[in-house]
Each structure stands twice: as C-alpha cells, then as structure tokens.
Amino acid sequence: MAKYCDIFWSFFKVGTFTIGGGYAMLPLMQRELVDRHGWLSEEEFLDQVALAQAMPGVFAVNMASLTGFRLRRGWGSVAAIVGNVMMPIVFILLLAMFFRAFRENVYVERIFLGLRPAVVALIAAPVFTIARSAKVTWSNVWIPVVCALLIWLLGVNPAIVVLAAALLGLLYSKIRN
Amino acid sequence: MIFLELFYTFLLIGLLTFGGGYSMVALIQGEVVTHHGWMSAAEFTDLLAVSQMTPGPVGINTATYAGYTAVLNAGYPQWAAVGGSLLASLAVIILPVALTMLVGGWLLRHKEHPTVATVMRMLRLAIVGLIAAAALGLVSAESFGMPGLNRRFITSVLIFAAVFLLSWRKKASPIALILASGVAGLVIYSF
C-alpha cells in the first residue's frame, strides 16, 4: 500500500518543478504515478485526466485529490493536495513580498527564455505515448483530432469538449444495445 | 469583514471554473478587480506575470496572490495577508475536490459496467486531443520568439527539439530537462 509520505513527496515534486500550470504537470505526474510507482496504469491515468478536466476547479489539484483518494482515501487525498500546492504557495508569497526585484532581474528573464520552449516540448512528447494507451487507431483517430482542433482553432472550453465526448460515448453505447 | 467575503468569493470562483487555470483567471479578474475592487488592474497584470513565472497550478497561484494583495490593500498587516492567501487557496479548491472525489469514487465502483466503459474509452480518445491542443496552444511568439534567423528563435527550436526527443525516446526525467533548459537559457542569452 502506498505510504502517505510517498504520495506527498510525488506531488511535492510535481508541484515544485512545473511551470505553466495544469497540463505542464502531466508529463511529471505520468512519470511519478505510472512509471515510477506503478500506482496507476496508463489507462487509469487517462481516466483520471478526463475526470479531473470534467470537474470544476483547479485541474492539477483535482488530479492530486483523485490519485490520493484512490490510494489511501481521504488522508491520501489531503497528502497529495498539500504536497502539490505547498511550494507554489510559498513561492507566490515570497514573490508577492519582493516582486519588483524578481521581475526586473535579467538572469530570471534569461532562464525563462530557455524554459518556455522546453515546457511546450514536455507537453507535446507524451501525446504519442498516451495515444497508444488510449488505443487510437485509423478508424477513431478523427476523435482526438477533432477535439484538438475545436480547442486550438475555435477556442472551445476543454471542459465542454470532455462533457461532449462523454455524451457521445453514452449515445454510442445506447445505440449499440 | 474581508476574510468572510474573500472565502465566499473564492468558493464561488472554484465552483464555477470549468476548463482549468486560464478560465479561472478571467473569473478572478471579474470578481477581484471589477466587482470588489480589492486590487487595481495593474496589480492584476502583475499577478498574471507572477503566476506564470512561478511553479504550480495557475488557479492556486492566482488565488494565493489575490488573497494576499486584497487583505494587504484593506489595511491589514502582512501576517494577516498571508492568512488571507491561505484562505483564498483553500476556498478555491474545497468544493471541486469534494465533488471530484464523490464522482471518482462512484466511477471506480462502476468501471466494469458496459456503458461506463464505453464512455471512458471515448473520453480517453478526447483527452489525447486535449493534450495535443494544450501543446499547440503554446506554440507562439511568446514561447519561441519571432520566427526567423535570430538567436532567440533558433535557440528555442533547438531546445524544443532536444527536450522533445529526450522526453519521447529516452524517457528523460522532466525535472532534469526543465533544469537543463533553464541553465541553457541563462548561458546562451548571457553572451
């Protein structure tokens, strides 16, 4: 059984080392939860991403809470959430106190110029591994493509796309039976 | 009483945000700047810069910063402002977390049901598209610089290609890749 401190520590790393919010956390979460600890299969990981996205609130915190809950119920959820948000809150408070000095620091600026393309690559790379565990084939590849285009080109809210996909699945299983 | 108002406002913001951090930012702006006047529009712009520059979920970062600034601007001392930031962060996650665990627990118990299984299969396909869209949405001049034969753009493309290949093919650690890219930026742009 997963230890509370392992749950905490995994999400502590995820919260501390991702810049750019929700989806930027996915590669590190996948690595910690699926590859490293084996707490979730790739499919279960995807199911949680879908659920966390369909619910209101902060995506990363929903992911933390779902994983913690699955492993060790309520306290597991608390351990994951606290781990996930602790360092971000500390960073923000420090910055709120010393904002100007940080923002105008030329070294910080240079570091961020290097980080931004890396963040994009880290989100793009898992698309291909995830496609395999979602069982994408030539006959259904239109579904992820349409979803991506709706969000990227038409600016549709991702939560709406997730809810629509759920409805489509529901409809499909009703017709088939 | 600013603390009660803060708690209630962020409770609502958490419950009404669908689709992650950036849709929450718009809601926070409406409540905190326009409706309550807890901070100025300029302070809000600072907030956006800060929450994109620091690690962590954007929703938590904006709630923390907004709670801190709102209490400070209301004339309270710094320790009370820290309390305000924790209060706002707690308020913004508590209802969604409860809801997510309820629905998640239910789904876990019924995942063998054929309808639930079909819906989940469809959702997995959609999520592949969602993540692709997230990556595509970040392909911008802000991330890469203006396309052309300039140092910023070429460096960005090289960093992107290296991180992409190391992450996809070699399963390199994301933490190591993030740290290395930061160092690369610091070194390359210092000359």
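## Re the interface of chain A and chain B
Often, the extent of an interface is quoted as the loss of accessible area upon association of its parts.
Phase 1: Across the contact, 96 residues belong to chain A and 91 residues belong to chain B.
Phase 2: Between chain A and chain B, roughly 8400 Å² of surface is buried when both sides are summed, and carbon and sulfur atoms account for 79% of that area.
Phase 3: Scanning the region where chain A abuts chain B turns up three salt bridges.
Phase 4: Across the pair Arg 124 of chain B and Glu 43 of chain A runs a salt bridge whose closest N-O atoms are separated by 3.7 Å.

## Let's talk about the pattern of salt bridges
Phase 1: For the coordinates displayed, the defined rule picks out seven salt bridges over all chains.
Phase 2: Here Asp 47 of chain A makes a salt bridge to Arg 124 of chain B, at a shortest N to O gap of 2.6 Å. Within this pair, whereas Asp 47 of chain A is found in helix 3 (residues 42-54), its partner Arg 124 of chain B is found in helix 6 (residues 114-138), the two belonging to separate chains. Neither residue differs from the other here; Asp 47 of chain A and Arg 124 of chain B are each classed as buried.
Phase 3: Salt bridges linked by common partners bring Glu 43, Asp 47 and Lys 135 of chain A together with Arg 124 of chain B together as one network.

## Let's talk about the domain arrangement of chain A
All names here are of chain A.
Phase 1: Once the domains are mapped, chain A shows domain 1 (4-135) and domain 2 (137-177).
Phase 2: Summarising the inter-unit geometry, the C-alpha centres of domain 1 and domain 2 are found 25 Å apart.
Phase 3: At the junction of the two partners, domain 1 supplies four residues and domain 2 supplies six residues.
Phase 4: In total, about 360 Å² of surface goes out of reach between domain 1 and domain 2, with carbon and sulfur atoms giving 64% of it.
Phase 5: Of all residues in domain 1, Gln 53, Ala 54 and Lys 135 give up the largest surface area on contact with domain 2, accounting jointly for 87% of the area buried on that side.
Phase 6: Linking domain 1 to domain 2 there are zero salt bridges.

## Focus on the domain arrangement of chain B
Phase 1: Here chain B is partitioned into domain 1 (2-105) and domain 2 (141-191).
Phase 2: Placing the centre of domain 1 of chain B and that of domain 2 of chain B at their C-alpha centroids yields a distance of 32 Å.

## Some points on the environment of Leu 150 of chain A
Phase 1: Examined against the element boundaries, Leu 150 of chain A turns out to sit in helix 8 (residues 142-152).
Phase 2: Separated by 67 residues in the primary sequence, Leu 150 of chain A and Gly 83 of chain A place their C-alpha atoms 34 Å from one another.

## Some details on the nonpolar core
Phase 1: The biggest cluster of nonpolar side chains holds 117 residues, and the ones touching the most others in it are Met 29 and Phe 45 of chain A together with Phe 10 and Val 92 of chain B.
Phase 2: Top contributing element to this core by residue count: helix 4 (residues 59-97) of chain A, with 17 residues.
Phase 3: If we skip the residues at most four places from it in the chain, Met 29 of chain A touches Phe 11, Val 14, Val 34, Phe 45, Ala 60 and Met 63 of chain A.

## Considerations on unusual backbone geometry
For residues other than glycine, phi is negative in most cases, and the peptide bonds are mostly trans.
Phase 1: In this structure, Lys 135 of chain A is a non-glycine residue whose phi angle is positive, near 60°.
Phase 2: By the secondary structure assignment, Lys 135 of chain A is in the loop between helix 7 (126-133) and helix 8.

## With respect to helix 6 (residues 106-124) of chain A
Residues and elements named next belong to chain A.
Phase 1: Here helix 6 is 19 residues long and its end C-alpha atoms lie 28 Å apart, about the 27 Å a rise of 1.5 Å per residue gives.
Phase 2: The sharpest bend along helix 6 comes to roughly 25°, located at Leu 115, with the proline Pro 117 sitting one to four residues further on.
Phase 3: Burial runs high along helix 6: 14 of the 19 residues are buried.

## So, the packing of helix 4 (residues 58-73) of chain B against helix 5 (residues 78-109) of chain B
Residues and elements named next belong to chain B.
Phase 1: For the pair helix 4 and helix 5, interaxial distance at closest approach is 7 Å and the crossing angle is 140°. You can see that helix 4 and helix 5 cross each other, and the crossing is right-handed. On the side of helix 4, the interface is formed by Ile 60, Ala 63, Thr 64, Gly 67, Tyr 68, Val 71 and Leu 72, while helix 5 contributes Gln 78, Ala 80, Ala 81, Val 82, Gly 84, Ser 85, Ala 88, Ser 89, Val 92 and Ile 93.
Phase 2: Across the contact of helix 4 with helix 5, the residue classes tally to 11 nonpolar, six polar and no charged.

## Digging into the packing of aromatic side chains
Phase 1: Enumeration according to the criterion identifies eight aromatic pairs over all chains in this entry.
Phase 2: Aromatic ring contacts, followed pair by pair, group Phe 128 of chain A together with Phe 144, Phe 160, Phe 164 and Trp 168 of chain B into a single cluster.
Phase 3: When the ring centre of Phe 69 of chain A is taken as origin, the NZ or CZ atom of Arg 73 of chain A, which lies over that ring, is 4.3 Å away.
Phase 4: Over the face of the ring belonging to Trp 168 of chain B we find Arg 169 of chain B, whose NZ or CZ atom lies 4.3 Å from the ring centre.

## Things to note about the side chain of Asn 84 of chain A
Phase 1: Mapping Asn 84 of chain A onto the fold places it in helix 4.
Phase 2: Beyond its immediate stretch of four places on either side in the chain, Asn 84 of chain A contacts Phe 11, Phe 12, Val 14, Gly 15, Met 25, Ala 60, Val 61 and Ala 64 of chain A together with Pro 57 of chain B.

Parameters at a glance
Residues numbered from 1 in each chain as written. Chains lettered and ligands numbered in written order. Predicted model: local features only at pLDDT ≥ 70, side-chain atom pairs only at ≥ 80, totals over all residues. Heavy atoms only, no water. Contact = heavy atoms within 4.5 Å. Buried area = accessible area lost by both parts, 1.4 Å probe. Salt bridge = Lys/Arg side-chain N within 4 Å of Asp/Glu carboxyl O. Helix = DSSP H or I, 4+ residues; strand = E, 2+ residues; numbered from the N terminus. Buried < 20%, exposed > 50% of the residue type's maximum accessible area, 1.4 Å probe, protein only. Domains from an automatic or database assignment. Core = buried A, V, L, I, M, F, W, Y, C linked by side-chain atoms within 4.5 Å. Expected span 1.5 Å × (residues − 1). Bend = angle between axes of the 7 residues up to and from the residue. Axes fitted to C-alpha atoms, helices over the stretch in contact; angles between N-to-C directions. Left-handed = near helix turned anticlockwise from the far one by under 90°. Nonpolar A, V, L, I, M, F, W, Y, C, P; charged D, E, K, R; others polar. Phe/Tyr/Trp six-rings, centres within 6.5 Å; stacked < 30°, edge-to-face > 60°. Lys NZ or Arg CZ within 6 Å of the ring centre and 35° of its normal.

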